[in-house]
Amino acid sequence: MARTAGFVRRQLPGILALAALIVAYVIVQLPTASPAERAQIASTYAFKPMNIAMPSGFKQQTIRRVNQDYQHIDAWISSVGAGISMNDLDGDGLANDLCVTDPRIDQVVVTPAPGTGSTRYQPFALTPAGLPMNDVMAPMGCVPADLNEDGRMDLLVYLWGRTPIIYLAKEGATALSMAAYQPIEAVPPRSSTPGYTGPQWNTNAVVVDDFDGDGHDDVYVGNYFPESPVLDDKIDGGVAMNHSMSHGLNGGEDYFLRWTGSGTGSVAFQLVENALPRNVSKGWVLAAGATDVDGDMLPEMYLGHDFGPDRMMHNASTPGNIKFTVTEGTRTPLIPKSKVVGLDSFKGMGVDFGDLNGDGLYDMFVSNITTTFGIQESNFAFMSTAKDKSQVRADMTSGHAPWEDLSAPLGLAWSGWGWDLKIADFDNSGSPEVAQSTGFVKGDVNRWPLLQELATANDQVLQYPAWWPNVRAGDDVAGSQTLMFYAKGPDGYWSNVAGELGMSIPVPTRGIATGDADGDGKLDMAIARQWDEPVFYQNASTTKGGFLGLRLTHESSGDVMPGSPVVGAQVTVTMPDGSKQIGRVDGGSGHSGKRSSEVHFGLGDKATGPVQVNLCWRDRTGQIREQNLQLTPGWHNIQLGAQATER
């Protein structure tokens, strides 16, 4: 008996420690919705999957040719490039045109959204006739924007291997085809030597916005790899990988293209090379989001950096001078470093702004790698901690980013190998949902163990491709992960209901685009899938929630459609019960998916009559304008000049 008592005493510390672990596990165990609860949450949503028409006659590929230094990781290098956007390209008043970047054919395709009149025009690929090209370039994404301010939507295509190409919509074109566009250089060539002699940018993120507040749209270009022949399989060397898994600052340089003038069939930009601090500009950027979070009508930026840290940038620009400063969150003893804005070491690959908790201030959702028994980071749901926009401005001016990550208690922390995402109201309830793409490389051989070893390797060897383990055709890393669709339950906890909606297809997804393609007031969704067919999800929800849709365009003297979107315009809707919703004209936030230029609000059953709408924008002179309107539910076309005028 004495020996038993002695044994118990000797083991008591271990027993108490185990008991403490069990108690702590029970306490911190996060709630999960039951199948019945998920079914109830999902009952207000419905989507009909539809095939997206693509042109024929192009040679198919399943993986890219890459620099010889990269051949043993060619599947890794080939893991991006699927992109998609929705917008009104033909001027019929609907966001029913898609711009699809398809790595299977390495083409950018303009095609009608399914179910919106496929006879309007035939799908066609954008061809940069007259511009110097070669076979070691590949498109990565397509951003619709009216860059030359003529009221017609142009297309900016960004690539690996060269600077971006602008496809200007031609005056007088009566139907969409390649003949309706004139390709021009976004960055004028610096040499008259035949062939492409410009820099070998490797771009993965582009956002259009009026960054300097002069009333004209500029372009942010975020480059991933440093300038190098990434896709040239005739070359052995001259390339690099990240020199750290947690603090990689040897990526491609980021640039701004500042608008300096435009005319019919032309637009000019000044290349700005020093708007960002160098330790920000050299991050391995995969995603970028822009919006005015502090109320001064200058867009802030969140930059999602692979290999961390992400950056939250405060806009300190003046007309003609683009400048951003770094802001960071505050770390406390109870908050891990990687859960703080601007201090993380995670793999930021998607970002969007939206008001997730209805307090009238922008929050941020950020995609990271969150695979159990793989690389278990977490997504970020950075929720605003400020009381109002003036406090946001004061905090950011002093270098503080007033957001805290609540992804775990909200149910948004873990999903998979995250990429693009969109925050939007898909059932017109007045509360947003989050659609997120996930997955990396699909194959048969599990390469997670080798990737885990790489994640713990010495930073000194990471920048040399030869040290990286094989990730080739046939290998699999998170290849069966699916699209995620998070909706908020009555307890405020978010649940993924993609399975209940029939959207859990085990194919890696990349870009997500949203817009109302058929004008019924319900947001549809288009998904780009890496090395697979894109898919269109037509919103088939039968919920009766009302909506308010705004097409906000700059004042013009003619009837050119669709009009030039007032990118960056901010909208606040006040409901009859005093609650508020916020939104903006977005210029391309995210990874490789771009939402339409309209601003959409679900009104639920709270408003059957007019609602109060506050509009704030910059006119073409750069002057800030503000106006309050009473608008009935439905779609409204409003021109913004010195004042707002409905047309």
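Residues numbered from 1 in each chain as written. Predicted model: local features only at pLDDT ≥ 70, side-chain atom pairs only at ≥ 80, totals over all residues. Heavy atoms only, no water.

Turning to the pairing of strand β13 (residues 266-272), a few remarks are in order. Where strand β12 (residues 255-263) and β13 come together, seven bridges link them in antiparallel fashion. Considered in β13, the bridge of R258 is made with Q270. Counting the residues in the hairpin turn of β12 and β13 gives two residues, including G265, whose phi is positive at 80 degrees. (Pairing = 2+ DSSP bridges. Helix = DSSP H or I, 4+ residues; strand = E, 2+ residues; numbered from the N terminus.)

Turning next to the sheet that holds strand β10 (residues 203-209). Within a beta sheet, neighbouring strands are joined by backbone hydrogen bonds and run either parallel or antiparallel to one another. Pairing within the open sheet is antiparallel, and its four strands lie in the order β10-β11-β12-β13. Two strands in the sheet have a free side with no partner beyond their single neighbour: β10 and β13. Pairwise comparison of adjacent strand axes, ignoring direction, gives a mean angle of 25 degrees for this sheet. Strand direction decides the pairing type here: strand β11 (residues 218-223) and β12, joined by three bridges, are antiparallel. Within β12, the residue paired with V219 across the bridge is L257. (Axes fitted to C-alpha atoms, helices over the stretch in contact; angles between N-to-C directions.)

Note that the residue after G308, namely P309, is joined by a cis bond; omega there is -10 degrees. Relative to the assigned elements, P309 resides in the loop between β15 (300-306) and β16 (311-315). That bond from M561 to P562 is cis: its omega, 5 degrees, falls within 30 degrees of zero. By the element assignment, P562 lies in the loop between β31 (546-554) and β32 (570-574). Positive phi, normally seen in glycine, also occurs at M297, with a value near 65 degrees. Mapped onto the elements, M297 comes out in the loop between β14 (284-291) and β15. Its identity as a non-glycine residue notwithstanding, F307 has a phi of 65 degrees, on the positive side. Mapped onto the elements of the fold, F307 is located in the loop between β15 and β16.

The set of residues buried in helix α7 (residues 448-455) consists of W448, L451 and L454. All buried residues of α7 fall inside an arc of 115 degrees around its axis, so they share one side. Its buried side turned inward, α7 meets α3 (74-77), β24 (445-446), α8 (459-462) and β25 (475-476). (Buried < 20%, exposed > 50% of the residue type's maximum accessible area, 1.4 Å probe, protein only. Arc of directions from axis to C-beta. Contact = heavy atoms within 4.5 Å.)

Further remarks concern the pattern of salt bridges. The tally for this structure, following the rule as stated, stands at 27 salt bridges. Two residues, D135 and R65, come together in a salt bridge whose shortest N-O distance is 3.8 Å. With a gap of 70 residues between them, D135 in the loop between β5 (124-125) and β6 (138-145) and R65 in the loop between β1 (47-51) and α3 connect regions that are remote in the sequence. Residue D135 is classed as partly exposed on the basis of its relative accessible area of 49%. Close ionic contact of K234 with D135 constitutes a salt bridge, the shortest N to O distance being 3.8 Å. Within this pair, whereas K234 is found in the loop between β11 and β12, its partner D135 is found in the loop between β5 and β6, the two being separated by 99 residues in sequence. When its relative accessible area of 56% is taken as the criterion, K234 is described as exposed. Where salt bridges share partners, they join R65, D135, D232 and K234 into one cluster. (Salt bridge = Lys/Arg side-chain N within 4 Å of Asp/Glu carboxyl O.)

Let's shift gears to the packing of aromatic side chains. Counted according to the given criterion, the structure contains 29 aromatic pairs. Judged by centre distance (5.0 Å) and plane angle (90 degrees), the rings of Y224 and F225 are edge-to-face. The exposure classification of Y224 matches that of F225, with both residues buried. When the ring of W419 is compared with that of F440, the centres are 6.5 Å apart and the planes differ by 10 degrees; the resulting orientation is stacked. Of the two residues, W419 sits in strand β22 (residues 418-424) while F440 sits in the loop between β23 (433-438) and β24, which places them 21 residues apart along the sequence. Just as W419 is buried, F440 falls in that class too. Grouping aromatic residues by their ring pairs yields a cluster made of Y70, W160, Y224, F225, W284 and F307. Lying across the ring of W635, R551 places its NZ or CZ 4.2 Å from the centre. (Phe/Tyr/Trp six-rings, centres within 6.5 Å; stacked < 30°, edge-to-face > 60°. Lys NZ or Arg CZ within 6 Å of the ring centre and 35° of its normal.)

Taken as a whole and assessed by the stated rule, the structure comprises one disulfide. Each disulfide pairs two cysteine sulfurs, and for C99 the partner residue is C142, the sulfurs being separated by 2.1 Å. Looking along the S-S bond of the C99-C142 disulfide, the torsion reads about 95 degrees, which is the right-handed sense. Taken together, the residues span a long stretch of sequence, with C99 in strand β3 (residues 97-102) and C142 in strand β6 at a distance of 43 residues. Neither C99 nor C142 differs from the other in exposure class; each is buried. (Disulfide = S-S within 2.5 Å.)

Attention now moves to the UniProt feature "domain: ASPIC/UnbV" (unreviewed entry) in the chain. When the UniProt feature table is mapped to this numbering, "domain: ASPIC/UnbV" (unreviewed entry) covers residues 567-624. Between the end C-alpha atoms of residues 567-624 there is a gap of 13 Å, over a span that is 0% helix and 47% strand. (UniProt positions renumbered as here; feature names shortened; annotations may be inferred.)

The next thing to look at is the side chain of D306. Here D306 is to be found in strand β15. K347 provides the closest opposite charge to the buried, salt-bridge-free D306, at an N-O distance of 6.1 Å. The residues touching D306, leaving out its near neighbours within four places in the chain, are Y224, W284, L286, F346, K347 and G348. (Lys, Arg positive; Asp, Glu negative; His and termini not counted.)

With that out of the way, let us pick up the nonpolar core. The biggest cluster of nonpolar side chains holds 55 residues, and the ones touching the most others in it are W76, I77 and W417. The greatest single-element share of this core, amounting to four residues, is contributed by β6. With residues up to four places along the chain from it excluded, the contact list for I77 reads R64, V66, Y70, W160, F225, V230 and M241. By size, the runner-up hydrophobic cluster in this structure holds 23 residues, among which are A607, V611, L629 and I638. (Core = buried A, V, L, I, M, F, W, Y, C linked by side-chain atoms within 4.5 Å.)

Three or more residues of helix α5 (residues 389-397) are buried, namely V392, D395 and M396. Here the buried residues of α5 occupy an arc of 95 degrees about the axis, which is enough to place them on one side. On its buried side, α5 packs onto β15, β16, β17 (324-327) and β21 (403-405).

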